[in-house]
Amino acid sequence: DELRALNLNLLSAVGQASSVAPRLVTIKYSGALDPEDAPFALVGKGITFDSGGLNLKPTGFIENMHLDMGGSAAVLGALQSIVRIRAPINVVACLALAENCVDAN
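Our subject in this report is the structure included herewith. (Residues numbered from 1 in each chain as written. Predicted model: local features only at pLDDT ≥ 70, side-chain atom pairs only at ≥ 80, totals over all residues. Heavy atoms only, no water.)

### Side note on the sheet that holds strand β1 (residues 23-30)
Turning to step 1, where the next piece is worked out: Across the sheet, 3 strands lie side by side as β1-β3-β2; this open sheet has mixed pairing. Bordering the open sheet on either side are β1 and β2 (40-47), each of which pairs with just one other strand. Within this sheet the neighbouring strands show an average axis-to-axis angle of 15°, counted without direction.
Turning to step 2, where the next piece is worked out: Its contacts with the sheet place helix α3 (residues 70-84) against β1, β2 and β3 (90-98), and it is angled at close to 140° to β2. (Pairing = 2+ DSSP bridges. Helix = DSSP H or I, 4+ residues; strand = E, 2+ residues; numbered from the N terminus. Axes fitted to C-alpha atoms, helices over the stretch in contact; angles between N-to-C directions. Contact = heavy atoms within 4.5 Å.)

### Digging into the nonpolar core
Turning to step 1, where the next piece is worked out: Counting 8 residues, the largest nonpolar core consists of Tyr 29, Val 75, Leu 79, Ile 82, Ala 87, Val 91, Ala 93 and Leu 95.
Turning to step 2, where the next piece is worked out: Taken together, the elements giving at least two residues each to this core come down to α3 and β3.
Turning to step 3, where the next piece is worked out: Discounting chain neighbours no more than four positions away, the residues touching Ile 82 are Tyr 29, Leu 42, Ala 87, Ile 89 and Val 91. (Core = buried A, V, L, I, M, F, W, Y, C linked by side-chain atoms within 4.5 Å. Buried < 20%, exposed > 50% of the residue type's maximum accessible area, 1.4 Å probe, protein only.)

### Observations concerning the side chain of Asn 90
Turning to step 1, where the next piece is worked out: The residue Asn 90 is located in strand β3 in this model.
Turning to step 2, where the next piece is worked out: On the basis of relative accessible area, Asn 90 is assigned to the buried category, the value being 6%.
Turning to step 3, where the next piece is worked out: One polar contact links the side chain of Asn 90 to the main-chain amide nitrogen of Ala 32, over a distance of 3.2 Å.
Turning to step 4, where the next piece is worked out: There is a polar contact of 3.0 Å between the side chain of Asn 90 and the backbone oxygen of Asp 37. (Polar contact = N/O pair within 3.5 Å; in protein donor to acceptor, adjacent residues only side chain to side chain.)

Printed below as a string of structure tokens:
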């Protein structure tokens, strides 16, 4: 698959049991006066939390797993603000997205 071709093997592995393929989403915003200005990079992890219902984590480690999608949400929120205020910068945002489940069926 495309993710494995890019050596994104862990992202591919996390989402392999889902009926929805994992994705690496790249969003570019070009707002700098000089289009050659180097972009700021924003990277966020967006992994769903044990949607298959099987908990492999020891006690005390699962309580914050719902935060695994927080990185991608923060990046999208920041990008939305950047676009809204028409910030004079260039930005490249990358979101690693996958559904973490045991089996889609």
